[in-house]
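One-letter residues, chain by chain:
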Amino acid sequence: MARRRLAAVSLAAVASIALAACSNGGTGATPGSGSSEGTPVTGGTLNMLGAGDVDYMDPNISYYSVGYLNLRMWSRQLFTYPADPGGKNTAPVADLASDIPTAANGGISADGKTYTIKIRPGAKWDTSPARQVTAADLVRGVKRTANPVQPFGGIPDFANLIEGYKAFADGFTKVPKTVAGIQAYIDKTPLPGVEAKDDSTVVFHLTQRASYFVDMLTLPAFSAAPVESLKYLPASTELGNHFPSDGPYKIDSWVPTKSINFSRNPAWDAASDPVRKAYVDKIVVNETVTQDSAQQQLQTGTAAADMEFDLAPPPSQLPALQAKKDPNLTIGDTASSNPYVIYNTVSPNNNKALQNPKVRQAINFAINRDHILQVLGGKTLNPPLTHVLPEVIVGSKQIDPYPYNPDKAKQLLQEAGFPNLTLKFLYRNASEGSSKSFQTIQQDLSKVGITVTGVPSPNADFYVKYLQVPDVAKRGVWDISLAGWGADWYGNAALSFFNPLFSGEPSFPPIGSNFGLYNDPETNNLITQAATAQTQDQAADLWAKADARVMDQAPFYPLTNGKQANYRAAQVHNAVYVPSMQNYDPTNVWLSKDKQGG
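What comes next concerns the included structure. Remember, predicted model here, so these are calculated numbers, not experimental data.

## Examining the sheet that holds strand β11 (residues 259–264)
Thinking step 1. In spatial order, the strands read β10-β11-β12-β2-β13; together these five strands make up an open sheet with mixed pairing. Strand pairing shows two members of the sheet lacking a second neighbour, β10 (249–255) and β13 (307–308), which therefore form its edges.
Thinking step 2. Sheet analysis places β10 next to β11, joined by six bridges and oriented antiparallel. The partner of isoleucine 251 across the bridge, within β11, is phenylalanine 262.

Right, dumping it as structure tokens:
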């Protein structure tokens, strides 16, 4: 969705981060699936094509839909979303856990604040010798999310929910950013809210009832971490090449922005994994392919091209693929704001013009949403979104405060004392959708006296070297950009939009994904009230008010709750779209006998 933060920028249009939700859909194929007819074939190499990389090869840190796609192959979570050809892929199922906890089975206490979870026997690390994943590994993994080198970007989701987590995280910021310092803090500092009751039982203690907690535990951040993970700095390339696997595949090599190679994990037992079938023997990711080249290779049927990695069909080619009902194209629904326009609210440029809400409001009136949606593939793929929350999220209320009005934009700019501006637009130049969106906004804003200059970025640098580094925003390296977001879980999930994106300083990167450093006391107060509401109806009303306040202050401009386009080669069978990864599940596809890759 995800990134999820998970911040995402439409894969169909750009390339993505963050999660996205809801049902699956196929174009000319069984909904949510590819060519699933026949008996599955084992063996072969699945070749995936990409133009960028994961954010981090680290399950407790990754917050990116492409990162989640990568983790699906070698890391397991307590709960996850299945690759169900029937399309029920937004309801969590037990993965590393043996069961979904309920009040009836004793997994949830009467007051709803204690969750007791059993770890599935037979789930093992590919260490020498192989050993069972334990509750202590789960505790270690949760602790690692707060590390001072690269903390998990979704911490605002649970910082005040898990007992003692905030104090633990605050203490971690004072620890030396060294392997020894991090290991000592994790080993010696208790986290009251996450307890290893015995080797196979982990207990979570919450500060309040949270009916969405099992959904939250689908986040890879809550993955187990073996002791070996403490031998390297979090999120480092070295760790990425040495992190033990508890999934069906292991990492043979990772060369950032170049390639990832996976092979079977000999410690993995299919009987212990109800989610992944692992039909292919190897998975090879080529991260040096262009969007156009990837599409061409997938359509020609070469055995060296099977699936996309961080790519999607070029938006300009989607209408033709849809018109001919190409059976290898899938259009999946999401629960996202993806992409959206983000403003740097602390930019020193233009005499601090973007720090004035009236200037940001003016820009919102000056952008023609229809123009951008057209270059992203049209409204069929990109239904308009005019406020924070997509309609499937509790608290969503239809409002449209910024209909296209260039005259209103000029008036507001004049009133604010900034009739002419020059803005720096950060965008991904390797992406057709990102590049065209930049050009479209550049043209729209020129009509109201705003000059827009481009700041091109490689896909791999866009988040980790720009948006996730607050000092880059504070220096005015960029004024305006594109980002994207999707629900970290589904349904009662407004918290996963507001806390990471709009909750002031606690959501500033790298902890959160409030890339424009928006901080408004009234918004912060509404978020706190909604997060602690006693009933869902009360929460829905407060989330709607928070939505309206954010839109009034205009730290961003929403565009679409976009659908996700994916394409695979004809030899790929059982290609099931999973919204949390915004792609087909590579651990459940199989290849035709005559095209087994290489």
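## A few points about the pairing of strand β20 (residues 564–567)
Thinking step 1. Where burial is concerned, the two faces of β20 agree: the one with Gln564 and Asn566 and the one with Ala565 and Tyr567 are both buried.
Thinking step 2. Bridge analysis of strand β14 (residues 329–332) against β20 gives four bridges, and the strand direction is antiparallel. Within the sheet, the bridge partner assigned to leucine 329 lies in β20 and is tyrosine 567.

## Let's talk about helix α7 (residues 291–300)
For the α-helix, the turn length of 3.6 residues means that residues three or four positions removed from each other point alike.
Thinking step 1. Taken together, the buried positions of α7 are Gln291, Ala294, Gln295 and Leu298. Buried residues of α7, seen end-on, are gathered within an arc of 95° and therefore sit on one face of the element. Residues of α7 that are exposed and angled more than 90 degrees away from the buried face: Gln296 and Thr300.
Thinking step 2. Those residues of α7 that are buried are in contact with β2 (45–49), β13, α8 (318–323), α13 (432–446) and β20.

## Describing empty space enclosed by the protein
Thinking step 1. In this structure, the largest cavity occupies an estimated 140 Å³ of space.
Thinking step 2. Tyr68, Thr80, Thr218, Pro220 and Ser580 are, among the 13 residues lining the largest cavity, the residues nearest its centre.
Thinking step 3. Tallied by class, residues from the lining of the largest cavity come to seven nonpolar, four polar and two charged.

## Section: the sheet that holds strand β9 (residues 201–205)
Thinking step 1. Taken in spatial order, the three strands of this open sheet run β5-β9-β8, and their pairing is antiparallel. Two strands bound the open sheet, and with one partner strand each, they are β5 (114–118) and β8 (194–198). Strand-to-strand twist of the sheet, defined as the mean angle between neighbouring strand axes without regard to direction, takes the value 25°.
Thinking step 2. By the bridge criterion, four bridges tie β8 to β9 in an arrangement that is antiparallel. Within β9, the position partnered with aspartate 198 by the bridge is threonine 201.
Thinking step 3. Together, β8 and β9 form the strand contacts of helix α2 (residues 135–144), whose direction differs from that of β8 by roughly 170°.

## Description of the environment of aspartate 111
Thinking step 1. Locating aspartate 111 in the fold gives a position in the loop between β4 (93–94) and β5.
Thinking step 2. Expressed as a C-alpha distance, the spacing of aspartate 111 and glutamine 208, which sit 97 residues apart in the sequence, is 8.6 Å.
Thinking step 3. Here serine 109 takes part through its side chain, which lies 2.6 Å from a polar atom of the side chain of aspartate 111.
Thinking step 4. Here the side chain of aspartate 111 touches lysine 113 through a polar contact of 3.0 Å, landing on its backbone nitrogen.

## Some thoughts on helix α4 (residues 179–188)
Thinking step 1. Residues Gly181, Ile182, Tyr185 and Ile186 constitute the buried set of α4. Looking straight down α4, one finds its buried side chains confined to an arc of 125°; they lie on one side. Exposed and facing more than 90 degrees away from the buried side of α4 are Ala180 and Lys188.
Thinking step 2. In this fold, the buried residues of α4 make contact with α2 and α3 (165–172).

## Notes on the environment of glutamate 432
Thinking step 1. The residue glutamate 432 is located in helix α13 in this model.
Thinking step 2. Given the relative accessible area of 16%, glutamate 432 is considered buried.
Thinking step 3. Residues glutamate 432 and aspartate 292 lie 140 residues apart in sequence; the distance between their C-alpha atoms is 9.1 Å.

## Concerning the layout of surface pockets
In this approach, a probe sized like a water molecule rolls over the atoms, and the result shows the empty space that is left.
Thinking step 1. Considered as a void within the structure, the largest pocket measures approximately 760 Å³ in volume.
Thinking step 2. Taken together, 32 residues make up the lining of the largest pocket; nearest its centre are Pro156, Ala159, Asn160, Lys166 and Pro506.
Thinking step 3. The set of elements that each furnish at least two residues to the lining of the largest pocket consists of α3, α16 (495–502) and α17 (521–531).
Thinking step 4. The residue makeup of the lining of the largest pocket, split by class, is 17 nonpolar, 10 polar and five charged.

## Concerning the packing of α16 against α17
Thinking step 1. For the pair α16 and α17, the least separation of the axes is 11 Å and the interaxial angle reads 150°. Considering their axes alone, α16 and α17 lie roughly antiparallel with respect to each other. Note on packing geometry: the crossing formed by α16 with α17 is left-handed. Contacts from Leu495, Phe498, Asn499 and Phe502 of α16 reach α17 at Thr523, Asn524, Ile527 and Ala531.
Thinking step 2. The class makeup of the residues in the contact of α16 with α17 is five nonpolar, three polar and no charged.

Conventions and cut-offs
- Residues numbered from 1 in each chain as written.
- Predicted model: local features only at pLDDT ≥ 70, side-chain atom pairs only at ≥ 80, totals over all residues.
- Heavy atoms only, no water.
- Pairing = 2+ DSSP bridges.
- Helix = DSSP H or I, 4+ residues; strand = E, 2+ residues; numbered from the N terminus.
- Buried < 20%, exposed > 50% of the residue type's maximum accessible area, 1.4 Å probe, protein only.
- Arc of directions from axis to C-beta.
- Contact = heavy atoms within 4.5 Å.
- 1 Å grid on protein atoms, 1.4 Å probe; cavity = no way out; pocket = protein on both sides within 12 Å on 5 of 7 lines; lining within 4 Å.
- Points joined across faces, edges and corners; volume = space filled by probe spheres on them.
- Nonpolar A, V, L, I, M, F, W, Y, C, P; charged D, E, K, R; others polar.
- Axes fitted to C-alpha atoms, helices over the stretch in contact; angles between N-to-C directions.
- Polar contact = N/O pair within 3.5 Å; in protein donor to acceptor, adjacent residues only side chain to side chain.
- Parallel < 35°, antiparallel > 145°, perpendicular 65-115°, else oblique.
- Left-handed = near helix turned anticlockwise from the far one by under 90°.

That is the geometry; function is a separate question.
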